[in-house]
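Summary of structural features
Here is how the chains run, residue by residue.
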Amino acid sequence: MALITTPATVLKTYEYSETSKILRLLTRDHGLCSAIAKGARRPKSRFSGLLEPFTDGIATYYAREGRELHTLSGFELRRERQALGRELVRFAGAGLLTEIVLRFAPSAPDHELFRQLGRGLDRLLENGGDAEAMILEESWRLISQLGFAPSIDHCAGCGTVPPSDQTAHFDLAGGTLVCARCRRERRLRNLLELKPQARAELKTLIAGRGENGRTLVLSRFQRHLLRDFIAYHLADQRPLNSFRFLDERLG
Ligand SMILES: [Zn+2]
């Protein structure tokens with residue numbers, strides 16, 4: 001049994017028994033991990049109020065070789081982000097960022113992914129302006145860091161660059177652009193029409209320059225494109241739960 005201390009972000013918590021909690025953590029040094037916080041639901045617990053989703057801290061836990069569930073022994077608070085709960089769109093967005101990490105992060109540690117998640121959550125917490133643009137941009141940023149960035153500059157079939165003033169198609173399952181000719185010849189399924197404005201906007205979202213205050217012209221389209229891309233490309237055709245919550249908030 002090893003005692004491990006590492007910076008960590010709480011992604012999700014589950015109640016366990018009358019008094020305990022199970023945490024899903026993204027740790028900086030050991031990737032995704034699950035830990036039980038015994039007694040955390042008791043009012044006088046030393047963990048009381050600390051172990052909420054989106055919180056950063058230094059986690060200390062006992063790790064057993066070959067076991068999936070570790071035992072939390074300490075959590076030193078670094079940053080709580082409870083204020084995200086005051087605005088439901090931002091809260092839903094934070095839920096989406098953590099769900100992406102929870103579902104698709106590799107078991108190996110990724111320092112940059114850990115930093116990006118923290119920065120994304122802070123951005124939602126601190127910056128005014130259009131929350132939806134930030135949520136989509138930070139989601140694409142995580143997806144790129146995870147190695148699944150879509151390619152929308154040229155056609156995956158023949159390599160041509162469709163003119164920027166022409167409608168192209170996006171292959172949701174492949175995560176690539178398809179020109180009109182290849183679309184006719186290859187009879188691909190799950191293609192999404194990408195009009196010039198939609199393509200240009202998607203490009204800036206994926207490039208992720210982090211301009212706060214930017215608003216999206218095609219916000220609903222871009223949100224559903226991200227939802228469907230994740231579903232078809234990464235998640236066995238099932239949309240992530242967070243999108244349902246986000247859709248309820250944004251329509
Ligand atoms: Zn082509």
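Keep in mind that what you see is a predicted model, and the values were worked out from it rather than measured.

On to the side chain of S20. Among the structural elements, S20 can be located in strand β2 (residues 20-27). A relative accessible area of 6% means that S20 is categorised as buried. In this structure the side chain of S20 is engaged in a polar contact, spanning 3.2 Å, whose partner is the backbone nitrogen of G39.

Across the chain, pLDDT averages 92, with 100% of residues at or above 70. When pLDDT is averaged over each element of the chain, helix α2 (residues 111-126) comes out on top at 97 and helix α4 (residues 180-186) at the bottom at 87.

A separate point is the coordination of the zinc ion. At 2.2 to 2.3 Å from the zinc ion lie its protein donor atoms, namely C155 (SG), C158 (SG), C179 (SG) and C182 (SG). All donors to the zinc ion come from one chain, and their sequence spacing reads C-x2-C-x20-C-x2-C. With C158 in the loop between β6 (151-155) and β7 (168-171) and C179 in the loop between β8 (176-178) and α4, this pair connects stretches of sequence that are 21 residues apart. Assessed through its relative accessible area of 33%, C158 is described here as partly exposed.

The next subject is the environment of C33. By the element assignment, C33 lies in strand β3 (residues 31-37). Classification of C33 as buried rests on a relative accessible area of 6%. Separated by 52 residues in the primary sequence, C33 and G85 place their C-alpha atoms 24 Å from one another. Dropping the residues within four chain positions of it, C33 is found in contact with L23, R24, L25, T27, Y61 and H70.

Assignment of secondary structure puts L136 in helix α3 (residues 131-145). Along the primary structure L136 and R227 are separated by 91 residues, whereas in three dimensions their C-alpha atoms are 9.9 Å apart. Leave out the neighbours within four places in its chain, and L136 touches L205, L216, S219, Q222, R223 and L226.

Let us look at the sheet that holds β7. The strands that make up a sheet are held in pairs by hydrogen bonds between backbone atoms, and each pair lies either parallel or antiparallel. One open sheet accounts for 4 strands, arranged β6-β8-β7-β9; its pairing is mixed. Two strands bound the open sheet, and with one partner strand each, they are β6 and β9 (191-194). On average, each strand axis in the sheet is inclined to that of its neighbour by 35°, with strand direction left out of account. Relative to β8, β6 is paired through 2 bridges, and the arrangement is parallel.

Where burial is concerned, the two faces of β7 agree: the one with A168 and F170 and the one with H169 and D171 are both buried. Note: β7 against β9, 4 bridges, orientation antiparallel. By the bridge assignment for β9, D171 is matched with L191. Examined bridge by bridge, β7 and β8 share 3 bridges and lie antiparallel to one another.

Next up on the list: the packing of aromatic side chains. Going through the model one piece at a time under the given rule, you end up with 4 aromatic pairs. With a centroid separation of 5.2 Å and 45° between ring planes, the pair formed by W140 and F229 is classed as tilted. Separated by 89 residues along the polypeptide, W140 in helix α3 and F229 in helix α6 (residues 219-234) bring together distant segments of the chain. Both residues of the pair, W140 and F229, belong to the buried class. Clustering of aromatic rings is evident, with ring pairs tying together F54, F91 and F245.

Here the focus is the sheet that holds β3. In spatial order, the strands read β1-β2-β3-β5-β4; together these 5 strands close into a barrel with mixed pairing. Adjacent strand axes in the sheet meet at a mean angle of 50° when their direction is disregarded. Sheet analysis places strand β1 (residues 2-16) next to strand β4 (residues 56-63), joined by 8 bridges and oriented antiparallel. By the bridge assignment for β4, T6 is matched with A59. Taken strand by strand, helix α1 (residues 88-104) contacts β1, β2 and β3, and its axis lies near 115° from that of β1. The strands that α2 touches are β1, β2 and β5 (69-79); relative to β1, the one it contacts most, it runs at about 50°.

Basis of the calculations
- Numbers given for residues are sequential positions, taken from 1 along each chain in its written order.
- Under the rules for a predicted model, residues below a pLDDT of 70 receive no local features and side-chain atom pairs below 80 are neither given nor counted, while totals for whole chains, interfaces and linings still include all residues.
- The basis for the side-chain values is all heavy atoms of the structure; hydrogens and waters are excluded.
- In this description a helix means any DSSP run of H or I spanning at least four residues, a strand means any run of E spanning at least two, and both kinds are numbered starting from the N terminus.
- Buried means the residue's accessible area, taken with a 1.4 Å probe over protein chains only, is under 20% of the maximum for its type, while exposed means over 50%, and partly exposed covers the values in between.
- Polar contact criterion, stated in full: a pair of N or O atoms within 3.5 Å, where within protein one must be able to donate a hydrogen and the other to accept it, and residues adjacent in sequence count only if both atoms are side-chain atoms.
- A residue's pLDDT is the predictor's confidence in that residue, given on a scale from 0 to 100.
- Donor atoms: N, O and S within 2.8 Å of the metal, or within 3.2 Å for Na, K and Ca. Because water is excluded, sites can look incomplete.
- The contact rule is simple, with two residues in contact once any of their heavy atoms fall within 4.5 Å.
- Any two strands with at least two DSSP bridges between them are considered paired.
- Whenever a helix is involved, its axis is fitted only over the stretch in contact; in every case the axis is a line through C-alpha atoms, and angles between N-to-C directions fall within 0 to 180 degrees.
- Stacked, edge-to-face and tilted labels apply to pairs of Phe, Tyr and Trp rings (six-membered ring for Trp) whose centres lie within 6.5 Å, assigned for plane angles under 30 degrees, over 60, and everything in between, in that order.

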